[in-house]
Amino acid sequence: MPVIEYTKEVKRIADPLYEKMKHVVSEVEWSVYAAYIYSINQLKKEKNAVILAHNYMTPQIFHGIADITGDSLGLAREAVNTEADIIIVCGVHFMAETAKLLNPDKIVIIPDPAAGCSLAESITPEDVRTLRVKYPGVPVVTYVNTSADVKAECDICCTSGNALKIVESLESDRVIFLPDRHLASYVAYRTEKEIITWTGSCEVHEKFTPAEIDRFRESVPELTVIAHPECPPGVLNASDYAGSTAQMIDFVEMKQPENILMVTECSMSDNLTSSFPNVNFIRPYNMCPHMKLITLEKVLKSLEDLGPVVEISDNVAERAGLSVERMLAVK
Ligand code: 13P
Ligand code: SF4
């Protein structure tokens, strides 16, 4: 890949974007990022591509090149609406698969296919089939953080933003809810239905502890704590609110607390700081190594090469697509 330079033209076009990230990106870093951002944004237009970026992307991706940002549910919804020919997913592999399931005729690209997820790794299609034999007739809800192969074995998907609503939409009194045991217990606490779950967990959120939240509260007076429901139950109990990444952003927007700790991946706070100058973000250091595999350099290369593309076999795509579409149909 040729070295891209921070020319006058790059400066003129890209520098206005620096405002949104200057609190976390140094000027030296910016001189490298700006050239990539400029090239990506040019190429994106030329190729009629859209960039969907998850809320955990770095600020240079989130503010620099994304056309649409959001949580898993928001990105899935936007994937249905796009008119672009090419969808670049800046997120992890299951998110790109979801976009492909909803757009089988489009080119869907993930800049690094190795960007996985500990939840998606925790369960196989065979595991789901075994559960179906053990609990005949019990509907299976799968968290969107799973492979398309696993989604194909399930009845309906959910995200952290709609998990309770999806479970409540089912007629059965018992529901198999896979694979995150913490999200399952968050749902179980709020529904009358019996929830049967799996042993999966998020390697980033499971590291938070109630003692850590207590320490933050002791050191920062008037601290509001909001957490992702992939956190263990003790952490959610120690928090003031739980919600998906998009719901956490909505919370900050609505309440504008003086001090906030977002108990989730560290880029969330970095991405929000510039939009809420009156809010003091207390930063956790938990980082998702999979999300961070997506870099500006890889995004540019993927636009140049038009790959790596996401491919799903017809048989899997048909059944997994139904699980996602059923979720999107629940109002
Ligand atoms: P959201 O859907 O809440 O953005 O969560 C996705 C995720 O991977 C959280 O770890
Ligand atoms: Fe998966 Fe956790 Fe990373 Fe989200 S933060 S992508 S659940 S490993």
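From a predicted model like this one, the values you see are computed outputs, not experimental measurements.

**As for the site of ligand 1**
- Surrounding ligand 1, one finds His54, Tyr56, Asp71, Ser72, Asn145, Ser160, His205, His228, Glu230, Ser244 and Thr245.
- In this structure, Asn145 approaches ligand 1 through a side-chain N or O atom, which is 3.3 Å from an oxygen atom.
- Between ligand 1 and Ser160 there is a distance of 2.7 Å, counted from an oxygen atom to a side-chain nitrogen or oxygen.
- Protein chains bury 96% of the 300 Å² of accessible surface belonging to ligand 1 in isolation.

**Some words on the packing of aromatic side chains**
- Using the criterion set out here, one finds two aromatic pairs in the structure.
- Centroid distance Tyr18 to Trp30: 5.0 Å. Interplanar angle 25°. Geometry classified as stacked. Linking Tyr18 in the loop between α1 (8-14) and α2 (27-46) with Trp30 in helix α2, this pair joins segments that are 12 residues apart in sequence.
- Here the aromatic rings of Tyr241 and Phe251 are separated by 4.8 Å at their centres, their planes lie at 25°, and the arrangement is stacked. Of the two residues, Tyr241 sits in strand β10 (residues 241-242) while Phe251 sits in helix α13 (residues 245-255), which places them 10 residues apart along the sequence.
- The exposure class assigned to Tyr241 is partly exposed, which follows from its relative accessible area of 27%.

**Considering the sheet that holds strand β12 (residues 280-282)**
- Read from one edge of the open sheet, four strands run β10-β9-β11-β12, paired in parallel fashion. Edge positions in the sheet fall to β10 and β12, since each has one partner strand and no second.
- Here strand β9 (residues 223-227) pairs with strand β11 (residues 259-263) via five bridges, running parallel. Within the sheet, the bridge partner assigned to Val225 lies in β11 and is Leu261.

**Focus: the nonpolar core**
- In terms of nonpolar packing, the biggest core is built from 109 residues, with Val141, Phe177, Val252, Met262 and Val263 touching the most fellow members.
- It is α2 that contributes the most residues to this core, eight residues altogether.
- Contact partners of Val141, with chain neighbours within four places excluded, come to Ile156, Cys157, Cys158, Ile166, Val167, Leu170, Val175, Ile176, Phe177 and Leu178.
- One finds Ile123, Tyr135, Val140 and Ile176 within the second-largest nonpolar core, a separate group that totals 11 residues.

**Looking at the side chain of Lys106**
- The topology assignment puts Lys106 in the loop between α5 (93-102) and β4 (107-109).
- Buried and without a salt bridge, Lys106 has Asp85 as its closest oppositely charged side chain, separated by 6.2 Å.
- When residues no more than four places from it in sequence are discounted, the contact partners of Lys106 are Thr82, Glu83, Ala84, Asp85, Ile87 and Lys100.

**As for the packing of helix α4 (residues 72-81) against α5**
- Packing of α4 against α5 leaves a shortest axis separation of 9 Å and a crossing angle of 30°. Taken together, the axis directions place α4 and α5 in an arrangement best described as roughly parallel. The interaxial crossing formed by α4 with α5 has right-handed handedness. Residues Ser72, Ala76, Ala79 and Val80 of α4 lie in contact with α5, whose contacting residues are Phe94, Met95, Thr98, Ala99 and Leu102.
- Looking at the contact of α4 with α5 residue by residue, the class counts come to seven nonpolar, two polar and no charged.

**Considerations on the site of ligand 2**
- Near ligand 2 the following residues occur: Tyr56, Val92, Cys117, Ser118, Leu119, Asn145, Cys202, Val204, Glu230, Cys288, His290 and Met291.
- Its residues assigned to classes, the shell around ligand 2 comprises eight nonpolar, three polar and one charged.

**Points about the sheet that holds β4**
- Spatial strand order, β2-β1-β3-β4: four strands in an open sheet with parallel pairing. Among the strands making up the open sheet, the edge pair consists of β2 (68-70) and β4. For this sheet the average axis-to-axis angle between neighbouring strands, irrespective of direction, equals 20°.
- Strand direction decides the pairing type here: strand β1 (residues 49-54) and strand β3 (residues 86-90), joined by five bridges, are parallel. What sits directly across from Ile51, in β3, is Ile88.

Calculation rules
- Residues numbered from 1 in each chain as written.
- Chains lettered and ligands numbered in written order.
- Predicted model: local features only at pLDDT ≥ 70, side-chain atom pairs only at ≥ 80, totals over all residues.
- Heavy atoms only, no water.
- Near = heavy atom within 4 Å.
- Polar contact = N/O pair within 3.5 Å; in protein donor to acceptor, adjacent residues only side chain to side chain.
- Areas by Shrake-Rupley, 256 points an atom, 1.4 Å probe, with all protein chains shown as cover.
- Phe/Tyr/Trp six-rings, centres within 6.5 Å; stacked < 30°, edge-to-face > 60°.
- Helix = DSSP H or I, 4+ residues; strand = E, 2+ residues; numbered from the N terminus.
- Buried < 20%, exposed > 50% of the residue type's maximum accessible area, 1.4 Å probe, protein only.
- Pairing = 2+ DSSP bridges.
- Core = buried A, V, L, I, M, F, W, Y, C linked by side-chain atoms within 4.5 Å.
- Contact = heavy atoms within 4.5 Å.
- Lys, Arg positive; Asp, Glu negative; His and termini not counted.
- Salt bridge = Lys/Arg side-chain N within 4 Å of Asp/Glu carboxyl O.
- Axes fitted to C-alpha atoms, helices over the stretch in contact; angles between N-to-C directions.
- Parallel < 35°, antiparallel > 145°, perpendicular 65-115°, else oblique.
- Left-handed = near helix turned anticlockwise from the far one by under 90°.
- Nonpolar A, V, L, I, M, F, W, Y, C, P; charged D, E, K, R; others polar.

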